[in-house]
Amino acid sequence: MIDDLIAKLKKRLKEPLPGGQAHEKMKPILPSGARLKGDPSKARLGAVMLLLYQDKGEWYFPLIQRPLYEGVHSGQVAFPGGRKEESDVDLFETALRESNEEIGIQAQNVEVIGTLSKFFVAVSNYMVLPVVSFHEGKPQFVPDAREVDHVIEAPLSQLMNIDLLKEKEILAASGYRLRSPYFEIEQKTVWGATAMMLSEFVDIVKEL
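Everything quoted here is computed from the prediction, not taken from an experiment.

When its secondary structure is counted, the chain shows five helices and 11 strands. Taken over C-alpha atoms, the radius of gyration comes to 16 Å for the chain, in line with the 17 Å a tight globule of 208 residues would show. Seen through its C-alpha atoms, the chain measures out along the principal axes to roughly 45 × 40 × 30 Å. Counting the 208 residues in the chain, one finds 50% classified as buried. When the accessible area of the chain is evaluated, it comes to approximately 10500 Å², of which 49% is carbon and sulfur surface.

Next up on the list: the environment of serine 117. Assignment of secondary structure puts serine 117 in the loop between strand S5 (110-115) and strand S6 (119-121). Serine 117 sits in the buried class, given a relative accessible area of 16%. As for serine 117 and valine 128, which are separated by 11 residues in sequence, their C-alpha atoms are 8.7 Å apart. In contact with serine 117, other than residues within four places in its own chain, are Leu17, Gly19, His23, Val128, Pro130 and Glu200. Polar side-chain contacts of serine 117 include one of 2.6 Å to the side chain of glutamate 200.

This part covers the pattern of salt bridges. What the rule picks out here adds up to 15 salt bridges. Aspartate 88 serves as the salt-bridge partner of arginine 97, at 2.9 Å between the closest nitrogen and oxygen. This pair shows no difference in class: arginine 97 is buried, exactly as aspartate 88 is. Measuring nitrogen to oxygen at the nearest pair gives 3.0 Å for the salt bridge that ties glutamate 184 to lysine 166.

Attention now moves to the nonpolar core. Counting residues in hydrophobic clusters, the biggest one holds 36 residues, and the most contacted among them are Leu52, Phe61, Leu63, Leu159, Phe183 and Phe201. If sequence neighbours within four positions are ignored, leucine 52 has contacts with Leu5, Ile6, Leu9, Trp59, Tyr60, Phe61, Val132, Ser133, Phe134, His135 and Phe201.

Conventions used here
- Residues numbered from 1 in each chain as written.
- Predicted model: local features only at pLDDT ≥ 70, side-chain atom pairs only at ≥ 80, totals over all residues.
- Heavy atoms only, no water.
- Helix = DSSP H or I, 4+ residues; strand = E, 2+ residues; numbered from the N terminus.
- Rg over C-alpha atoms; globule rule 2.2 N^0.38 Å.
- Buried < 20%, exposed > 50% of the residue type's maximum accessible area, 1.4 Å probe, protein only.
- Areas by Shrake-Rupley, 256 points an atom, 1.4 Å probe, with all protein chains shown as cover.
- Contact = heavy atoms within 4.5 Å.
- Polar contact = N/O pair within 3.5 Å; in protein donor to acceptor, adjacent residues only side chain to side chain.
- Salt bridge = Lys/Arg side-chain N within 4 Å of Asp/Glu carboxyl O.
- Core = buried A, V, L, I, M, F, W, Y, C linked by side-chain atoms within 4.5 Å.

Encoded structure:
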């Protein structure tokens, strides 16, 4: 991947974003053909972090494998992130705080370079801001065992590989069987909200 990726992303993320057009490519569908719906006007606020870093000349970003628990996101692969707390000044601070709590990322080592489009997660009623950032050098990940089963160091090259963009039936934690596109990254199935946000990032990187 090009060495000036960060400089180009800084410029591109200030321009109009693909948004829903990109999200739609990775949207799961119920067997009936229906799509999950909700009311964005009543959504809680949250943020996630897409943290880019280089290791041995290749670009990576961390994803987390959620533990198994009684909840709609049980066992899923996701970005580090979570809900906005009253103490958070803004959603950038939310993304940084959650990344620190979940995988040990230190805010002083992170440069925020922009955001993707806000994304409504209907199943959990959150309006999420994906924050794109850069970490100089490889981070030292310290996963919180309560929230993170393990950290997946996802190569950007795999995300951009069209051969790893697939589709299959998925049994969601809610009990629904869904037909869903997904990214296969490090032998993990990345689908749902995370895949839809990544789809926008893929479209943006392709333009650079």
